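Observations on the model geometry
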Amino acid sequence: MTAPSHRPEASPWPDTTHLLADVHLTGDDTPAARRLAGYLAGPAREAAAVYILGDLFDVWVGDDVSFEAHQGTLDALAALSAARVPLYFQRGNRDFAVGTRFFAHTGARPLADPVVHRIAGQPVLLAHGDIFCSDDLAHQKFRRRYTNAIWRARMLRMPAGLRRMIARKARARSQASKQRKAADIMDVNIDTVTRWAQDTETFRIVHGHVHKPADHRHANVHRHVLADWRPDQAEILTLSRSTIRRRALDDDGRFLDESGRENDSSDSSANERE
């Protein structure tokens, strides 16, 4: 098991932190991009910090190639940072090639995967989530590659056209593989989850990747799976000292229900327990 960076980092003030993942943007001219831009210009400005836990982009084949298609989103992220809202970005399996130009432009702070940050007064284990899917051996082999800085650097030296072709073929293989794999193989392994919690001495985990938004409890470990964004679903997880909420967004990126769907901080209303 790869040791995470687990030195807790404090949020700058005790307020509500926002977390999201798996937006899977394909360009600036999409409803998802417009919804995200509205969120970044609106509700996100009230956050103590915003955490993006991977796969913000459906594919990112390098800063030299993918910038133009997402310029509006990148500018919206930069505007959030300029508004003095701390912004954190964790690479996912779709946007692992995000590089230094992205971070310089947006002002986002790169996160290790996994990593422990202190949020709302407690250490929280943050991950994209695929590290917990230990039964999916083929994906774990790919993960060992894409998290390797030397492998990424070698890939980014390839011509842009070749990278685009590799990305297209990889997506096609991924879709075909999903049709063959059992659903439980692509979900988290509970033993792996609890082992990470024990090794990092954390009792709360937030992650994405599996596209199954829910709140779970495994003994004394609370696990919150972030929602993947779809045409009929876009959600922000908000975490404060007193509440955990799943806040749906409307098409313009505003919170749809100001009360949210609320879970208290003890997770007594979590909808699944193992």
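See above for the structure.
The sections below set out a description of the structure shown in this document. Residue positions within a chain follow its written sequence, with the count starting from 1. Predicted model: local features are reported for residues with pLDDT of at least 70 only, side-chain atom pairs are reported and counted for 80 or more only, and whole-chain, interface and lining totals are derived from all residues. By convention in this description, side-chain values take in all heavy atoms of the structure and omit both hydrogens and water.

Remarks on the overall build of the protein
- A count of helices and strands for the protein gives eight helices and 13 strands.
- Expressed as a percentage of its 274 residues, the buried residues of the protein come to 50%.
- Approximately 12,800 Å² of the protein is accessible, and the part contributed by carbon and sulfur atoms is 51%. Secondary structure is summarised from DSSP: a helix means a run of H or I of at least four residues, a strand means a run of E of at least two, and numbering begins at the N terminus for each. Exposure classes here rest on a 1.4 Å probe applied to the protein chains alone. A residue is buried below 20% of its type maximum, exposed above 50%, and partly exposed in between. To measure how exposed things are, a 1.4 Å probe is used in the Shrake-Rupley method; for residues, cover is taken only from the protein chains shown.

Notes on helix H8 (residues 190–200)
- By the burial criterion, the buried members of H8 are Thr192, Val193, Trp196, Ala197 and Thr200. Along the axis of H8, the buried residues cluster in a sector spanning 135°; they form a single face. Facing away from the buried side of H8 by more than 90 degrees, the exposed set consists of Asp191 and Gln198.
- Pairing of N or O atoms within 3.5 Å defines a polar contact, subject to two protein rules: one partner must be a possible hydrogen donor and the other a possible acceptor, and residues neighboring in sequence count only if both atoms are side-chain atoms. With a side-chain oxygen lying 2.9 Å from the backbone nitrogen of aspartate 191, the N-terminal cap of H8 falls on asparagine 189.
- Looking one or two residues past H8, glutamate 201 carries a phi angle of roughly 55°, positive in sign. Comment: arc refers to directions from the helix axis out to C-beta atoms.

Comments concerning the packing of helix H1 (residues 31–41) against helix H3 (residues 71–82)
- Only the stretch in contact is used when a helix axis is fitted, and all axes are lines through C-alpha atoms; the angle between N-to-C directions ranges over 0 to 180 degrees. Where H1 meets H3, the axes come as close as 9 Å, and the angle between the chain directions of the two elements is 10°. The pairing of H1 with H3 is recorded here as roughly parallel in orientation. Seen from H1, the contacting residues are Ala33, Leu36, Ala37 and Leu40; seen from H3, they are Thr73, Ala76, Leu77 and Leu80.
- Charged residues are taken to be Asp, Glu, Lys and Arg, nonpolar residues to be Ala, Val, Leu, Ile, Met, Phe, Trp, Tyr, Cys and Pro, and polar residues to be all remaining types, Gly included. Of the residues that constitute the contact of H1 with H3, the class distribution is seven nonpolar, one polar and no charged. Relative orientations are named as follows: roughly parallel for angles under 35 degrees, roughly antiparallel for angles over 145 degrees, roughly perpendicular for angles from 65 to 115 degrees, and oblique for any other angle. Contacts between residues were defined by any pair of non-hydrogen atoms, one from each residue, lying within 4.5 Å.

Distances and angles like these do not, on their own, reveal function.
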